[in-house]
Each structure stands twice: as structure tokens, then as C-alpha cells.
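Single-letter residue listing:
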Amino acid sequence: MNIALLGSTGSIGTQCLSVVDANRDKFNIYAIAAYNNIAVFQQQLDKYMPRYAAMYDAEAARKLRVPKGCTLYTGPEGICELARLEQADTVLVAIVGIAGLDATYAAAKAGKRIAIANKEALVTGGGLITQAANESGAVLLPVDSEHSAVFQCLNGENRSRISRLILTASGGAFRDYSKEMLKEARPEDALRHPNWAMGRKITIDCATMMNKGLEVIEAHWLFGVPAERIEVVVHRQSIVHSMVEFADSAVLAQLGCPDMRLPIMYALSYPERTDISLERMDFTKTMTLSFSPPDTERFPCLKLAYEALKAGGGMPAVLNAANEIAVEAFLDKRIAFTDIAECVRFAMDNAEDIGADSVERIHCIDKHTREKVRRDFLGDRG
């Protein structure tokens, strides 16, 4: 199988490559793309010798030593070229943030098999992407552990008989913090996720529970289930990755040790299951699986995501843009942890009557929201 890996230097991208390394007889890195991490990307070019490569940052791309026989593209359109490659059997989109929207949409229009790890693409442009996929015959295969779990539970099932989707959340690094403690929380503390090894942005999103909110919106588009039938529960152990309840009240769950290589492998191998050397569950040992409702008073970002999904149109794009700017400001120690939700609330309350009927329109909403947040919210905070 020829793979086009978009976002090869990030957490999901590097874990995907480790899966490929263990299965070189099954998978071939045909194309890779990255943003601007020259050192890591150069190592990947030298090791995998892809036929095509792309780097978002054109200036950084000029410093690369491109292997013989490899065609290098630059800029966002260059990454979209890789997403459309005829010889690529699977396009794995692991680009962080709204930057993954264009490539996901390009792959969907091209009828590709898309392993999607970029939740922001579906959050901001879910209607456009699913419509393009339906028209072209593209297949969307979720890589997020929660959506992969739901996808596995639905294998062979009648989706019209879904009663509800139950997404599990670890609760993030601050799940035991009081409201007062959250006001003093530091970026270095938020980045210590108790269960998963992930990138900086998504780890902060886990701490605010915005990540789970984005996953609710993503689940709506992936599985066609309305907001009121998608629930979130806090499951500290991260063993049950998500559940599906059916009309007869039966609940199916997918379990496994917390390791992103499992959903990556499932997406690449689907509909088959391929052997992979991971930690196995040992049910002979005493095990506690706990579940509790999320606290949206301490973590209001989850509630804001539900509001954005129900509002529809361009509101999820407003939510996403404001959150990306707020997370960046928190990591730079410009705002407090609790200001992240305040920033998103501000952007949604001040959003115009907006539609999201094209990729260009979504980018316009994104740009306008970022400018307004920087000027009118962050500007007030120096």
C-alpha cells in the first residue's frame, strides 16, 4: 500500500512511521509532507526516499536535500498535490489545526481513502468534506482513538439503530484541580498528560476538555449522529476508548491499552486487522474501570463545543480559530489557563451571522476570528 503521510514530523506522523517500520512488507511511504521542521523532515526523506514530498514553508524547503527521483512541492497547494496523488492508496492527514482542512478536502474530492487524524478539518468543514466524500466515493477512516473505537463498534451494524455514542475522556492533566487551582495552572503542568503522549496543542486541549468538544463535532460528521445523542464521560484509565449504545439498549465498547499506534494501524489496514507488537490487556490482573460525568463548570470548553455544533454554519470554525489562538497565548504565558474558555466565549458571542458553504469562506471566518481575538481580547491583556 502506498501512503501519502501529511504531517510526518508531528506526534501522529512519527507514530505512523513507526507502524510502517514494523510492516515494510505491507506499507510504503510514497509521499510525505511537513510544515517547517527541517531537521526531522530531512531524516525522513533520507530514510524513506519518497517519490513526492512537500513542505508548507517554502523558505524552509529551500534548505532541504531532496533525494534523487523525489519531486518536492511547497506551500499549502503543494500539500494538496500530495493529497490528490493518483498512486497514493491512502492519505493519512496528521496536520495540526485548520491547516489540514485544504488537504483533507482535496483528498475527499479526489475520492481517496483518507485516514483522518486532523479533527479540525471536520470541525470547521465537516459538511463540505462529507459531501465531497459522498460524491467522489472517498472513504473516511478515523485515526483518533475515540472515533476509531466507535468505527470498530459499528463494523457490521445498522447505523440507523444507534441510540447514542459515548465518547470517553481521560480528563487531562487538571482533572483533579479546583476552580481556584485552574486559575494558577501553568503550561508545563498542562503538558503532563496522565495517559497519552501527544503534541503540545492537543495536550492543552485535553486539559481544557476542548479536545473532547472537537471530537463531539467530529463524531457528528463521521457517523451522522446529532449532538443530543453524543455523550462524553470521564474515564480516567483510558482503557475503554469509546462506546456505542443501540436501540435495544446493548452497549458495545472497544478496549485497549492507550497507544495511538493501534488506531493508526487499524485505519491503514482496514478492513483487515494486522499484527502489531503492542502492550496487551491482562484481564487476570485486578482492574478498575471508572466513569463519571464531565464537569462543564470547571471545563466550559466542552459546553461551548456543543453550542457551536448546534448553532451550525460557521460557528464551529469560530470556536476552533479562537481556541487555537488562545492555546498559543497560554503556551506563551500571555493568558491564564481559564482565559482559554473566556476567549472562545468572547469569539462566539461576537460572531457575525455566518455561513460555511465553501473552503474559502471557512478560511475567511477563521482569519476574521483570529484578527478579532488578537485585537479585542488578547489586546486588552497586553
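Structure's up top.
S.K.: Teacher, can you tell me more about the pattern of salt bridges here?
M.R.: Once their charged atoms are close, side chains differing in charge can pair, the charge on each being opposite to the other. Scanning the model with the defined rule gives 27 salt bridges in all. Between glutamate 188 and arginine 186 there is a salt bridge, with the nearest N and O atoms lying 3.4 Å from each other. For glutamate 188, a relative accessible area of 28% corresponds to the partly exposed category. Of the residues examined, arginine 186 reaches a relative accessible area of 42% and is grouped as partly exposed. Salt-bridge contacts for arginine 192 lead to aspartate 189; the nearest nitrogen and oxygen are separated by 2.8 Å. Take arginine 192: its relative accessible area is 53%, and that puts it in the exposed class. Each member of the salt-bridge network shares a partner with another, and the members are Arg186, Glu188, Asp189, Arg192 and Lys333.

S.K.: What should I look at first to understand empty space enclosed by the protein in this one?
M.R.: Think of a ball as big as a water molecule: rolled over the atoms, this probe shows where empty space is left. Counted according to the given criterion, the structure contains 1 cavity of 30 Å³ or more. If you add up the space inside the largest cavity, you get close to 50 Å³. Ser145, His241, Gln254, Leu262 and Pro263 are the residues nearest the centre of the largest cavity, which is lined by 10 residues in total. Of all the elements in the fold, those that place two or more residues in the lining of the largest cavity are helix H7 (145-153) and helix H12 (261-269). A total of 4 residues in the lining of the largest cavity trace back to one element, the largest contributor, which is H7. The residue makeup of the lining of the largest cavity, split by class, is 4 nonpolar, 5 polar and 1 charged.

S.K.: Please explain the packing of helix H14 (residues 315-331) against helix H16 (residues 359-378) as it appears in this structure.
M.R.: At a minimum axis distance of 8 Å, the contact between H14 and H16 shows a crossing angle of 45°. Accordingly, the angle class assigned to the pair H14 and H16 is oblique. Crossing geometry of H14 relative to H16 is assigned as right-handed. From H14, Ala317, Val318, Ala321, Ala322, Glu324, Ile325 and Ala329 reach across to H16, where they touch Ile362, Ile365, Asp366, Thr369, Arg370, Val373, Arg374 and Leu378. Its residues assigned to classes, the contact of H14 with H16 comprises 10 nonpolar, 1 polar and 4 charged.

The rules behind these values
- Residues numbered from 1 in each chain as written.
- Predicted model: local features only at pLDDT ≥ 70, side-chain atom pairs only at ≥ 80, totals over all residues.
- Heavy atoms only, no water.
- Salt bridge = Lys/Arg side-chain N within 4 Å of Asp/Glu carboxyl O.
- Buried < 20%, exposed > 50% of the residue type's maximum accessible area, 1.4 Å probe, protein only.
- 1 Å grid on protein atoms, 1.4 Å probe; cavity = no way out; pocket = protein on both sides within 12 Å on 5 of 7 lines; lining within 4 Å.
- Points joined across faces, edges and corners; volume = space filled by probe spheres on them.
- Helix = DSSP H or I, 4+ residues; strand = E, 2+ residues; numbered from the N terminus.
- Nonpolar A, V, L, I, M, F, W, Y, C, P; charged D, E, K, R; others polar.
- Axes fitted to C-alpha atoms, helices over the stretch in contact; angles between N-to-C directions.
- Parallel < 35°, antiparallel > 145°, perpendicular 65-115°, else oblique.
- Left-handed = near helix turned anticlockwise from the far one by under 90°.
- Contact = heavy atoms within 4.5 Å.

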